[in-house]
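What follows is the residue order along each chain.
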Amino acid sequence: MIAWIKSLPLFVLLTGLAVGAMYIPMAFAIRLEDWLVARTLFYYTTFLMILISLVAIAVTGYQSRNTARNYLVTVFVAFTLVPALLAMPFNFLVPEITYLQAYFEMLSSLTTTGATLFTDPSVLPAPLHLMRALAGWFGGFFMLVVAMSIFAPLQIGGFEIFNAARGTGRATTQIQPTDAARRLSRYARQIFPIYLLVTAILALALMVAGDRVLVAVIHAMAILSTSGISSVGGLSGTNSGYVGEALILFFFVFAISRHTLLSGREGSLLSRVKEDKEVNLALICVIVIPLLLFVRHFMVTTDGDIEQEATGALIALWGGVFTVLSFLTTTGFESAAWDGSRSWSGLGTPGLILMGLAVMGGGIATTAGGIKLLRVYALVKHGQREVLRLRHPNSVTGLAKRQRMIRREAAQVTWVFFMLFLMSLAVTALVLSATGMNLADALVFATAALANTGPLVGAAGSGFTDYASISDTAKAVLCAAMVLGRLEALAVIALLNPNYWR
């Protein structure tokens, strides 16, 4: 039986796992004695599992070409069709929304974007919140496996930086054949136990800090998958307070460095994380940006009691540190002190900062979206070298060959990807504006979708609308943008490359 399951195509396995996971919120609905939700999830899940089983029997013995380029098509199809199945029970249980809106909700969860149509979380039953969190958690795990087993051999998803830095001369997305099935199986077995264990540890820690079980579990899954999904409207509705935020801050590192969830052979975990350029760049952002906001706030706060001002200053600093790191990892959780840090001096923090952090994104081979920190690091090093050449045109650097490659070949391919991202952002914003949205709103919505940071819309500024108020056409555009942001433009271009179809 196990050998037969392993022999099935990847799409059948993914669909079966995603649909079968709906039995978990069904069991939770039974625990709550919410029989309508339990029956609906049971009927839909069982019916879909029967259909998937019939398809599995029909494709038994089918052998496709076992290469990463064929599995890339499977990944694209999975992100578009699996949410269509998950949206069926969701739409039935929430009759106030259309099927397209239910599809938007499930696609947002599966791509770890976390954009939701429900600004008031109390309108959804608790099992549906768990269903959304599970979809996001499953999507995050899927992307971790895909990054190492499919993106790495195709030299996309940020891995083209390593290829260019080695000086191989193949800094483009050349599709190379590889035993993708073996890599998928190996990395899935390696990552899943750690992914599950870390999620359980964070959930248990949040429960000890005072959160209810459901809230702790959903937030733990949202942090590890960077989906930002919450059943209480964010961290402001939790009971753990600043203790819970401190715990969550520690677990953000899993979206910064790929070395945290993937065991390597070179050196210890601490040394690899310490030498990771993405971790170093993230630390610079977490230190510099909150300090700049803190100084700006502090400069206009001159009156009042010194003790109260000191307390407000600490709250403002903590709110800045947590929120900056949250949006840098594309999670999108705001600290409970974030509003206090903005109102402390009477100045509103520009949403452009949060948009820039979300666009930067987390580390490669993590659940975070965005451009990725390693690409930003390559551009920064290239910029530093160009500034030095302006001062000393004939200077010769003495760094290692790998560092020189990062400043030249890696920076070149990174700049190509950066331009593709900006072009995608511009096109998405223009299409959204054509649906009747003003350009400022369209830019925020497009950035949130392409960076897979759904909560960015609510945090970017008080003048922006929410997802429920936009048209269905705009929601369809955002669905395409979320898939494009999750797979990245280079992967989509690889699919459209005529050389691939030969």
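Residues numbered from 1 in each chain as written. Predicted model: local features only at pLDDT ≥ 70, side-chain atom pairs only at ≥ 80, totals over all residues. Heavy atoms only, no water.

Undergrad: Where do I start with the overall build of the chain in this structure?
TA: Broken down by element type, the chain carries 23 helices and zero strands. Here the chain holds 502 residues, and 54% of them are scored as buried. Sequence separation of 24 or more characterises 71% of the internal contacts of the chain that already satisfy a separation of 6 or more. (Helix = DSSP H or I, 4+ residues; strand = E, 2+ residues; numbered from the N terminus. Buried < 20%, exposed > 50% of the residue type's maximum accessible area, 1.4 Å probe, protein only. Contact = heavy atoms within 4.5 Å.)

Undergrad: So what exactly am I meant to see when it comes to the packing of helix H7 (residues 126-154) against helix H9 (residues 180-209) here?
TA: Angle between the axes and distance between the axes: these two values describe a pair of packed helices. Put simply, H7 and H9 touch, their axes get as near as 10 Å, and they point 145° apart. Classified by chirality, the crossing of H9 by H7 is right-handed. The residues of H9 that touch H7, namely those facing Trp137, Gly140, Phe141, Leu144, Val145, Met148, Ser149, Ile150, Ala152 and Pro153, are Arg183, Leu184, Tyr187, Ala188, Ile191, Phe192, Tyr195, Leu196 and Thr199. Classifying every residue of the contact of H7 with H9 by side-chain character gives 15 nonpolar, three polar and one charged. (Axes fitted to C-alpha atoms, helices over the stretch in contact; angles between N-to-C directions. Left-handed = near helix turned anticlockwise from the far one by under 90°. Nonpolar A, V, L, I, M, F, W, Y, C, P; charged D, E, K, R; others polar.)

Undergrad: I'm lost on the packing of aromatic side chains in this one. Help?
TA: Centre distance and the angle of the planes are the two values used to describe a pair of aromatic rings. Across all of its chains, the model carries 15 aromatic pairs by this definition. Seen from their ring centres, phenylalanine 250 and phenylalanine 251 are 5.5 Å apart, and the 90° between their planes marks the pair as edge-to-face. For phenylalanine 250, a relative accessible area of 57% gives the class exposed. Taking the centre distance of 5.9 Å and the plane angle of 25° together, the rings of phenylalanine 251 and phenylalanine 254 count as stacked. Summarising the burial analysis for this pair, phenylalanine 251 and phenylalanine 254 share the class buried. Note that arginine 186 overlies the ring of tyrosine 187, its terminal NZ or CZ placed 4.6 Å from the centroid. (Phe/Tyr/Trp six-rings, centres within 6.5 Å; stacked < 30°, edge-to-face > 60°. Lys NZ or Arg CZ within 6 Å of the ring centre and 35° of its normal.)

Undergrad: How do you make sense of the side chain of threonine 331 when you look at a structure like this?
TA: Its location among the elements puts threonine 331 in the loop between helix H14 (306-328) and helix H15 (338-343). Using a relative accessible area of 0% as the deciding quantity, one classes threonine 331 as buried. Side chain to side chain, threonine 331 and threonine 329 meet in a polar contact 3.0 Å long. (Polar contact = N/O pair within 3.5 Å; in protein donor to acceptor, adjacent residues only side chain to side chain.)

Undergrad: Honestly, the confidence of the model for the chain in this entry has me stumped. Any pointers?
TA: The predicted structure's coordinates, where accompanied by low pLDDT, should not be read in detail. Confidence in the prediction of the chain, expressed as mean pLDDT, is 84, and 82% of residues score 70 or more. A low-confidence stretch, residues 169-177 stays under pLDDT 50, and its non-local contacts, those more than four residues away or across chains, total 20 contacts. (pLDDT = per-residue confidence, 0-100.)

Undergrad: Which parts of the structure should I look at to understand unusual backbone geometry?
TA: Glycine aside, residues mostly have negative phi angles, and peptide bonds mostly take the trans form. The phi dihedral of glutamate 33 is positive, around 60°, even though this residue is not glycine. Mapped onto the elements, glutamate 33 comes out in the loop between helix H3 (23-31) and helix H4 (35-58). By relative accessible area, which is 58% here, glutamate 33 ends up exposed. Backbone geometry at alanine 365 places phi at a positive 55°, although glycine is not the residue there. Summarising the element assignment, alanine 365 is placed in the loop between helix H16 (351-360) and helix H17 (373-391).

Undergrad: Explain the environment of glycine 158 to me, please; I cannot follow it from the model alone.
TA: Mapping glycine 158 onto the fold places it in the loop between H7 and helix H8 (160-165). In this structure the C-alpha to C-alpha distance between glycine 158 and leucine 373, which are 215 residues apart in sequence, comes to 9.1 Å. When near neighbours in sequence (up to four residues on either side) are disregarded, glycine 158 contacts Ile364, Leu374, Arg375 and Glu488.

Undergrad: When you look at a nonpolar patch on the surface in this model, what are you seeing that I'm missing?
TA: On the surface, Leu283, Ile284, Ile287, Val288, Leu291 and Leu292 cluster together into a nonpolar patch covering about 550 Å² of accessible area. By the secondary structure assignment, valine 288 is in helix H13 (residues 277-299). Relative accessible area serves as the criterion here: at 40%, valine 288 is assigned to the partly exposed category. (Patch = residues over 30% accessible without salt bridge, like charges linked within 9 Å, V, L, I, M, F, W, Y side chains within 5 Å. Areas by Shrake-Rupley, 256 points an atom, 1.4 Å probe, with all protein chains shown as cover. Salt bridge = Lys/Arg side-chain N within 4 Å of Asp/Glu carboxyl O.)

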